Amino acid sequence: MKQVLAGVMMAALPLAVSSVFAQSPAHSGSPEATYMQGGGSPLAKVEMYQSNDPKAPPMTKEEFEIGRQIYFDRCAGCHGVLRKGATGKPLLPGDMQKLGTESLKIFTYYGTPGGMPGFGTAKEMSDQEIDIMARYIQQPPPLPPEWGMKEMRASWNLIVPVEKRPKRQMNKINLSNVFSVTLRDTGEVALIDGDTKKIVTVLKTGFAVHISRLSKSGRYLYTTGRDGLINLIDLWMETPQTVATIRTGSDARSIDTSKFKGYDDKIAIAGTYWPPAYVLMDGFTLEPLKIMSTRGYTYDEQEYHPEPRVASIVSSHIKPEFVVNVKETGKILLVNYSDIKNLKTTEIEAERFLHDGGWDASKRYFLVAANMRDTISVVDTKEGKLAANVKVGTKPHPGRGANWKDVKYGPVWATGHLGDDTVAVIGTDPDKHKENAWKVVRSLKNHGNGSLFIKTHPKSNNLWVDAALSPDEEAQQSVSVFDLKNLDKPAQVINIAKLAGISKGRVTHPEYNRYGDEVWFSVWGPKDGESAIVVMDDKTRKLKTVIKDKRLVTPTGKFNVYNTQHDVY
Ligand code: DHE
């Protein structure tokens, strides 16, 4: 298939690419597509999937099932369960049928310049799977089941009730300097002792586990899998272990807990992509208390959207509120959890395609990327209103961003970009530096595009920026380090993967230790290859330690307990 694809690619890619990116009607049924649909087929005796769209190419029931599974695992995150698009383009059946099976195979195999990975070139899908996917996305999207209180309660597993848990910390670990490390492809987290650099334990979590967050006290660690499985981990146990789990939906990315004074550890919140909703839970047990749907109308055109997914959620330190970012409708909800029975939410019109973000240093303003609108939306959580929409570069992707006191512009927050090689630095102090507030005051040059994460620490003079999704291998493996006291100087570029002796791997997600003197990186290798955690000395920018262990499979995010608990970034 590779040779055939390469040939077809040469002939068809420019047309195919331009049509997909312009989202205009493309060429009609290709000879290949006609061939696929006609004549004698080995499928004749196989039970066929009955599409309700006669123009969709045939598939067996088994193929459809495989396609559904792969779509959920690999594609839904960017394109949406209903395929209406967000980070990725819409993949609606009519448009896909116009492109045809052969062009779709090419996109899936080689990826696109817009950032879609090449699932064939990366060996993440076989030729047969690519063929299935090309036909699958021409079928109407199957609607996944809803997930209400009955299902949530049935999935809830209180493994160790509160009264059976320890009354004091039973281990001697310096918990505030523990890192929870996402092991993406095994659906696990590794808890690594930041002082000794030893793995404390590896715990099973949800599928392709996404993030870890800490409770206000720092005792409880919460993880969410992409399958909506939440784990509540008690760090006080002799060996930290999961004490409760729940499924909040079938597709999810976010979790956080109450941080306002008097509500320490009490309430947890999880956001879901499918069904599009958020759920409030008891923070100590994960018992579900209230589910709120986010289906509704886009903030601007006021069009109904059936799948407005919950992206990032953060917990306010200054009010009993969660900040819930609803991707497709572009609304930011301030959910007041002080009275769950009479829930009050403030709905803020922000910008569409909200994704990830973090607090400014004062923790009054939350800055979130509306990545497909090249915008950072800023919410003033004290006033409960939008402070600004700031235009930045192409597809901002801050993670939680980075805060520092700029020598020239005062307090600032920064984001890198997926779609260009710049770092946008935004003024965040409307009181004392009004002229700079909510403006891009600096644009720094990263060593590549495809940046996922950026980080500094209040005790550091360095800003570390990755380029993990750059198409260039050298850039993927390297990070830029900027001197915050002299930002006119170009960044130092360090190949982190090389320091770990790894030739294939993306370097991502800088995370400081509790003391702000070490910065940790993941070298995210292939599932069956080598990965590592690289610890850099922040002051000297020299290698301190490489952590390698056969259990460290595909490490990505790392969450230092103290920094996550206190939102230090
Ligand atoms: Fe993430 C944060 C969604 C792919 C690593 N990711 C987030 C958040 C969202 C999100 C909504 C914010 C959570 C919060 O703060 O409450 N991520 C998505 C996607 O929809 C997307 C694009 C596709 C998908 O299918 O999931 C996606 N993310 C990835 C990856 O491929 C990454 C690089 C590797 C991995 O582990 O899967 C990845 N995302 C992360 C990390 C964070 C994150 C490490 C937390 C950043 C932080 O510092 O807090």
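Residues numbered from 1 in each chain as written. Predicted model: local features only at pLDDT ≥ 70, side-chain atom pairs only at ≥ 80, totals over all residues. Heavy atoms only, no water.

1. Describing the environment of I454
No. 1: By the secondary structure assignment, I454 is in strand β27 (residues 454-455).
No. 2: On a C-alpha basis, the gap between I454 and T415 in space is 6.7 Å, while along the polypeptide they are 39 residues apart.
No. 3: Other than its neighbours up to four places away in sequence, I454 contacts P398, G401, A402, A414, T415, G416, V423, L463, W464, V465 and P510. (Helix = DSSP H or I, 4+ residues; strand = E, 2+ residues; numbered from the N terminus. Contact = heavy atoms within 4.5 Å.)

2. Section: the confidence of the model for the chain
No. 1: Chain-level statistics for the chain give a pLDDT mean of 91 and a share of 92% at 70 or above.
No. 2: Taken together, the stretch residues 1-42 has pLDDT below 50 and engages in 54 contacts with residues farther than four places along the chain or on a different chain. (pLDDT = per-residue confidence, 0-100.)

3. Things to note about the sheet that holds strand β8 (residues 241-247)
No. 1: The strand order across the open sheet formed by five strands is β1-β8-β7-β6-β5, and the pairing between neighbours is antiparallel. Two strands in the sheet have a free side with no partner beyond their single neighbour: β1 (157-158) and β5 (211-214).
No. 2: As judged from the four bridges shared by β5 and strand β6 (residues 220-224), these two strands associate in the antiparallel manner. Residue pairing in the sheet places I211 in a bridge with T224 of β6. (Pairing = 2+ DSSP bridges.)

4. Quick look at the pairing of strand β2 (residues 178-183)
No. 1: Judged by how many residues are buried, β2 sits mostly within the fold: six of six residues are covered.
No. 2: Relative to strand β35 (residues 555-560), β2 runs antiparallel, the two sharing four bridges. Within β35, the position partnered with V181 by the bridge is K558. (Buried < 20%, exposed > 50% of the residue type's maximum accessible area, 1.4 Å probe, protein only.)

5. Some thoughts on the site of the ligand
No. 1: In the vicinity of the ligand, 21 residues are found, and the nearest of them are R184, H210, R253, Y273 and T556.
No. 2: Between the ligand and H210 there is a distance of 2.6 Å, counted from a nitrogen atom to a side-chain nitrogen or oxygen.
No. 3: One of the side-chain N or O atoms of R226 is found 2.8 Å from an oxygen atom in the ligand.
No. 4: Of all the elements in the fold, those that place two or more residues in the shell around the ligand are β5, β9 (251-257), β15 (310-315) and β35. (Near = heavy atom within 4 Å. Polar contact = N/O pair within 3.5 Å; in protein donor to acceptor, adjacent residues only side chain to side chain.)

6. Observations concerning the nonpolar core
No. 1: Formed by 23 residues in total, the largest nonpolar core has its most connected members in Y71, M96, L104, M125, M133, Y136 and I137.
No. 2: Going through the elements one at a time, α3 (61-79), α4 (93-110) and α5 (127-136) are the ones with two or more residues in this core.
No. 3: In this view, Y71 contacts A76, H79, G80, V81, R83, L91, M133, Y136 and I137; residues no more than four positions away in its chain are not counted. (Core = buried A, V, L, I, M, F, W, Y, C linked by side-chain atoms within 4.5 Å.)

7. Concerning the sheet that holds strand β21 (residues 375-380)
Picture the strands of a sheet paired through backbone hydrogen bonds; they go either parallel or antiparallel.
No. 1: Here four strands make up an open sheet; going across it, the order is β19-β20-β21-β22 and the pairing antiparallel. Two strands bound the open sheet, and with one partner strand each, they are β19 (354-359) and β22 (385-391). The sheet shows a mean angle of 25 degrees between the axes of neighbouring strands, direction not considered.
No. 2: Judged from the four bridges that link them, β19 and strand β20 (residues 365-370) form a sheet pairing that is antiparallel. By the bridge assignment, G357 is partnered in β20 with V368. (Axes fitted to C-alpha atoms, helices over the stretch in contact; angles between N-to-C directions.)

8. Describing the pairing of β9
No. 1: Within β9, seven of the seven residues are buried, which leaves it mostly tucked inside the rest of the structure.
No. 2: Two elements, β9 and strand β10 (residues 267-274), share six bridges in a ladder whose sense is antiparallel. Paired with D251 across the bridge in β10 is W274.

9. Let's talk about the packing of aromatic side chains
No. 1: With the rule as written, the count across this model stands at twelve aromatic pairs.
No. 2: Plain terms: the ring middles of F179 and W520 are 3.6 Å apart, the flat faces sit at 10 degrees to each other, and that makes the pair stacked. Residue F179 is found in strand β2, and its partner W520 is found in strand β32 (residues 518-524); the two are separated by 341 residues along the sequence. When sorted by exposure, F179 lands in the same class as W520, which is buried.
No. 3: A centroid spacing of 5.5 Å and a plane angle of 65 degrees characterise the contact between Y297 and Y304, whose relative ring orientation is edge-to-face.
No. 4: Members of the aromatic cluster, joined through ring pairs, are F260, Y263, F322 and Y337.
No. 5: A cation over a ring is seen here: R295 above W274, with NZ or CZ 5.3 Å from the ring centre.
No. 6: Note that R514 overlies the ring of Y562, its terminal NZ or CZ placed 3.8 Å from the centroid. (Phe/Tyr/Trp six-rings, centres within 6.5 Å; stacked < 30°, edge-to-face > 60°. Lys NZ or Arg CZ within 6 Å of the ring centre and 35° of its normal.)

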